[in-house]
Amino acid sequence: MEYELIIDGEIHKVSVEPKDGKYIIDLGKKRIEAFCEIIDPNSFLLVIDEKTYPFYMAFHEKKIHLSVGGEKFVIQEAESKKEKRFEREGVDIEGKKAICAPMPGKILKILVEEGEKVRKNQSLAIVEAMKMEHEIRASIEGFVKKINFKEDDLVDTEEPILELEVKD
Amino acid sequence: MINKILIANRGEIAVRIIRACKEMGISTVAVYSEVDRKALHVQLADEAYLLGSPAPLESYLNMDKIIEVARMTKACAIHPGYGFLAENSEFAKRCETEKIIFIGPNSKALALVGDKVESRKTMTQAKIPIIPGMKAKGENLDDFINQAEKIGYPVLLKASAGGGGKGMRIINSKEELKSSVEAGMREAKSAFGDESVYLEKYIQQPRHIEFQVLADYHGNVVHLFERECSIQRRHQKIVEETPSTILTPELREKMGEVAVKVIKTTGYTNAGTVEFLLDKDKNYYFLEVNARVQVEHPITELTIGIDLVKSQIRIASGEKLTFKQEKLSQRGHAIECRIYAEDPENDFLPSFGKILFVKEPCGPGIRNDSSLYSGLDVTMHYDPILAKLICWAETREEARKKMIMALSGYVILGIKTQIDFLRDLMLHPEFISGNTHTDFIPKYLSDWKEKKGKKKFVEQALIGAAIGMLNKGKKGARVEKKLMFDPWLSLGNWEIGA
């Protein structure tokens, strides 16, 4: 089987074939023979050239969470990257920008109104999570196009709290 | 004689207290909110009772309900842990009225040290050095503006009832004052139910040094030496160690004596911590008394050899301290790292979600105070502390190296933690040489990034992931292999096609 796996934004091609209780792995640059022992449903022992690498792995929402050698990896298959719902950093083609909470929480205050002009870095809302207050600031200069929530609403990181529109 | 204790807390500290009780043969009653039904403290206690919905006011701050559970279960004492009701003098008083032992200071001393403005007054009278600042709570904005001018910017805004950095803000100028005071009051209100805030002089690059004390009901007070807690993010400690690298034996003795004097002045009982700031010229200023068991108490336990939670219970039941100051000494060096569910690359914002898998380190000199298990849901309702990793060795350098090894062996899959950040902190030359101060993280590690692209084990990770995917995909093989054991098909946390 061939996989295209993304680690930290980089795509790696890996092919793996089982053979006589071993695995033949092709990483493009080199071919490796490996054993893989299962310790428990999340703990494994990878053996390459008699060197042992314990690793821990769990699958969750199309991602592989893996830890080996004290390093942590979140690995994704290449095609699922296309499903990204919207670009968090940039402004979309219509000149709109969605402002999302950086973590799920409760909206304590909305400091702007629809149609209001905002400066870059102006505070737009205050979200509370884990007893701490976090200010949500405007990442661009523009106008408040739409406010999707009101005070005391709970928000996640996906649904925009409000949308900004770039001024001409 | 205390034979049954209700633990009015959650997380690792509830687990820690339950373990102490079990060792002492005391029955335990846990309380929990709706999201904590499966929490480790509920699993470990002899009995467990639901308090209500997750919001702290409905659950772990719900005094009526907690007292009711204590009465119903005939628990003769309540241990409040840290946070929540631990420093709430009204709750301590309620317990006294209900004839339930509150395992903490008496309500009068608690009220005094808990009110930071009042305790500053008391300390001034007792000639204990304090940081210049407001003598009363701010009433209105003008009050704050005038006081800030008088003290001189930068000033530090603090919650009168607070701790743990909640409500705390550095204010550099008059322009920042209004929004900071308002935000600080809101945070103080939601965290402690009291919105009083005050200002004091902000001392730059100080060290945070605190002394552990124990005081019984028979007038005996001892200190159990210092803890240095200078490494902080968002004014909250994340690394603590003892002994401090800066204290000389003379300064240690002097500060210890002052700590004992603070406790005697306030009529304080049980375990407490006297916090000081130490400036660059080694002048120390009394900050406050933390009237509870501290998050970082284990480093004292490991170097002094006294169990602080058991001591709290013994003092609360009226026993005398069995050790004298002269008999106490520090042995070796201990470091604690707090493991939080938060993202060090993104301003330490909390990270929530399901812990898919956890493997905790162990070995000689490694202590792990945790409430983690595979499958635990980390929710937004409470402080994001997950665990405390504590290492003891004969020297600081050995303890530091042990900590690096232990952090490398701490595997938490599914949510973000700052374990890698802590490991890099342990490797920082300024930490190695002991030059720690409260601005350490902003100064040296503010732009910290995970070693993306520089990881050593990418190849192994790719191979492991590919083997995992190959075997996860063989669902079709289920029928033929029915009679054979195949662990690949019984993988608990693998959510296929989720």
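Note that the structure is a prediction, hence the values are computed from the model and not measured. (Residues numbered from 1 in each chain as written. Chains lettered and ligands numbered in written order. Predicted model: local features only at pLDDT ≥ 70, side-chain atom pairs only at ≥ 80, totals over all residues. Heavy atoms only, no water.)

Peer 1: Got a minute to help me understand the sheet that holds strand S9 (residues 96–99) of chain A in this structure?
Peer 2: Backbone hydrogen bonds are what pair the strands of a sheet, in a parallel or an antiparallel way. Residues and elements named next belong to chain A. Pairing is antiparallel in the open sheet, where 4 strands are placed in the order S9-S16-S14-S11. Unpaired on one side and paired on the other, S9 and strand S11 (117–118) mark the two borders of the sheet. As paired strands, strand S14 (residues 142–147) and strand S16 (residues 162–166) are joined by 5 bridges and run antiparallel to one another. In the sheet register, Phe-143 faces S16, and the bridge partner there is Glu-165. (Pairing = 2+ DSSP bridges. Helix = DSSP H or I, 4+ residues; strand = E, 2+ residues; numbered from the N terminus.)

Peer 1: Hey, could you run me through the nonpolar core in this one?
Peer 2: Nonpolar side chains in soluble globular proteins tend to end up buried together. Residue and element names in this part refer to chain B. One finds Val-239, Leu-386 and Ile-412 to be the most contacted residues of the largest nonpolar core, which totals 60 residues. When residues of this core are assigned to domains, at least three map to each of domain 1 (4–103) and domain 3 (207–444). Aside from chain neighbours lying at most four places away, what touches Leu-386 is Ile-339, Tyr-340, Ala-341, Ile-355, Ser-370, Ser-371, Leu-372, Val-378, Ile-412, Ile-415 and Thr-417. The next biggest cluster of nonpolar side chains, apart from the first, holds 51 residues, and it includes Val-29, Ile-66, Ala-215 and Val-289. (Core = buried A, V, L, I, M, F, W, Y, C linked by side-chain atoms within 4.5 Å. Buried < 20%, exposed > 50% of the residue type's maximum accessible area, 1.4 Å probe, protein only. Domains from an automatic or database assignment. Contact = heavy atoms within 4.5 Å.)

Peer 1: What should I look at first to understand the interface of chain A and chain B in this one?
Peer 2: Taken together, the 59 residues of chain A in the interface contact 58 residues of chain B. Of the roughly 5,500 Å² buried between chain A and chain B, counting both surfaces, carbon and sulfur atoms make up 71%. Applying the counting criterion to the chain A and chain B interface returns 3 salt bridges. Linking chain A with chain B are 14 residue pairs in polar contact (both at pLDDT 80 or more), by the criterion used here. Ranked by residues supplied to the side of chain A that touches chain B, first place goes to strand S6 (residues 51–60) of chain A with 7 residues. The residue makeup of the side of chain A that touches chain B, split by class, is 36 nonpolar, 10 polar and 13 charged. (Buried area = accessible area lost by both parts, 1.4 Å probe. Salt bridge = Lys/Arg side-chain N within 4 Å of Asp/Glu carboxyl O. Polar contact = N/O pair within 3.5 Å; in protein donor to acceptor, adjacent residues only side chain to side chain. Nonpolar A, V, L, I, M, F, W, Y, C, P; charged D, E, K, R; others polar.)

Peer 1: I would appreciate a short explanation of unusual backbone geometry in the present structure.
Peer 2: Apart from glycine, the bulk of residues carry a negative phi angle, and the bulk of peptide bonds sit in the trans form. All names here are of chain B. A cis amide bond links Tyr-153 with the next residue in sequence, Pro-154, at an omega value of -5°. Here Pro-154 shows up in the loop between helix H7 (141–151) and strand S6 (155–159). Along the chain, Thr-242 connects to Pro-243 via a cis peptide bond; the corresponding omega equals 0°. If you trace the backbone, Pro-243 turns up in the loop between strand S11 (236–242) and helix H9 (249–266).

Peer 1: How should I be thinking about the packing of aromatic side chains in this particular structure?
Peer 2: We describe a pair of aromatic rings using the distance from one ring centre to the other and the angle between the two ring planes. All names here are of chain B. In total, this model carries 12 aromatic pairs over all chains according to the counting rule given. Considering the side-chain rings of Tyr-60 and Phe-84, the 5.1 Å spacing of their centres and the 35° angle between planes classify their relative orientation as tilted. Pair noted here: Tyr-60 is in the loop between strand S3 (47–52) and helix H3 (63–73) and Phe-84 is in the loop between strand S4 (77–79) and helix H4 (89–97), with a separation of 24 residues, a long-range link. Judged by centre distance (5.4 Å) and plane angle (85°), the rings of Phe-421 and Trp-448 are edge-to-face. Here Phe-421, found in helix H13 (residues 419–426), pairs with Trp-448, found in the loop between helix H15 (440–444) and helix H16 (458–472); they are 27 residues apart in sequence, far enough to count as distant. Of the two residues, Phe-421 and Trp-448, both sit in the buried class. (Phe/Tyr/Trp six-rings, centres within 6.5 Å; stacked < 30°, edge-to-face > 60°.)

Peer 1: Would you mind showing me how to read the sheet that holds strand S8 (residues 197–201) of chain B here?
Peer 2: All names here are of chain B. If you trace the 3 strands from one edge of the open sheet to the other, you get S7-S6-S8, paired in antiparallel fashion. The open sheet is flanked by strand S7 (169–171) and S8, the only strands paired with a single partner. Taking the axes of each pair of neighbouring strands and ignoring which way they run, one obtains an average angle of 30° across the sheet. Pairing analysis gives 5 bridges linking S6 to S8, with the strands arranged antiparallel. Bridge pairing links Leu-157 to Leu-199 in S8. (Axes fitted to C-alpha atoms, helices over the stretch in contact; angles between N-to-C directions.)

Peer 1: Explain the state of the cysteines to me, please; I cannot follow it from the model alone.
Peer 2: Each disulfide consists of a covalent bond between the sulfur atoms of two cysteine residues. Residues and elements named next belong to chain B. One pass over the full model with this rule turns up 0 disulfides over all chains. Just so you know, Cys-362 is unpaired, no disulfide at all, and the nearest cysteine sulfur is the one on Cys-391, 11 Å from it. With relative accessibility at 68%, the residue Cys-362 sits in the exposed group. Looking at the unpaired Cys-391, the closest cysteine sulfur is the one in Cys-337, lying at 7.6 Å. Residue class for Cys-391 comes out buried when judged on its relative accessible area of 0%. (Disulfide = S-S within 2.5 Å.)

Peer 1: Even after reading the chapter, I still don't get the domain arrangement of chain A, so can you show me in this structure?
Peer 2: A common way to state how big an interface is: give the accessible area lost once the parts meet. Domain assignment breaks chain A into domain 1 (2–82) and domain 2 (96–166). Spacing between the C-alpha centres of domain 1 of chain A and domain 2 of chain A amounts to 39 Å.

Peer 1: Quick question: what am I supposed to make of the packing of H3 of chain B against H4 of chain B here?
Peer 2: Angle between the axes and distance between the axes: these two values describe a pair of packed helices. Residue and element names in this part refer to chain B. H4 packs onto H3 with a crossing angle of 30° between their chain directions and a minimal axis gap of 11 Å. One element, H3, and the other, H4, form an angle in the roughly parallel class. Judged by the sense of rotation from one axis to the other, the crossing of H3 with H4 is right-handed. Of the residues in H4, those touching H3 at Met-63, Asp-64, Ile-66 and Ile-67 are Glu-90, Phe-91, Arg-94 and Cys-95. Split into classes, the residues belonging to the contact of H3 with H4 amount to 5 nonpolar, no polar and 3 charged. (Parallel < 35°, antiparallel > 145°, perpendicular 65-115°, else oblique. Left-handed = near helix turned anticlockwise from the far one by under 90°.)

Peer 1: Would you explain the layout of surface pockets in this entry?
Peer 2: Picture a little ball the size of a water molecule; that probe, rolled over the atoms, points out where space is still empty. Here the second largest pocket defines a volume of roughly 290 Å³. For the second largest pocket, the lining is made up of 17 residues, of which Gly-69, Gly-70 and Glu-71 of chain A together with Arg-423 and Lys-451 of chain B are closest to its centre. Within the residue set of the lining of the second largest pocket, elements represented by two or more residues are strand S8 (71–77) of chain A together with helix H12 (396–408) and H13 of chain B. With 3 residues, the top contributor of residues to the lining of the second largest pocket is H13 of chain B. Its residues assigned to classes, the lining of the second largest pocket comprises 4 nonpolar, 3 polar and 10 charged. (1 Å grid on protein atoms, 1.4 Å probe; cavity = no way out; pocket = protein on both sides within 12 Å on 5 of 7 lines; lining within 4 Å. Points joined across faces, edges and corners; volume = space filled by probe spheres on them.)

Peer 1: What's the story with the side chain of Lys-455 of chain B in this structure? I'm lost.
Peer 2: Structurally, Lys-455 of chain B can be placed in the loop between H15 and H16. Classification of Lys-455 of chain B as buried rests on a relative accessible area of 12%. A distance of 2.9 Å separates the side chain of Lys-455 of chain B from the side chain of Glu-450 of chain B, its partner in a polar contact. Not counting residues within four places of it along the chain, the set of residues in contact with Lys-455 of chain B comprises Asp-8, Glu-71, Lys-72 and Phe-73 of chain A together with Glu-450 of chain B.

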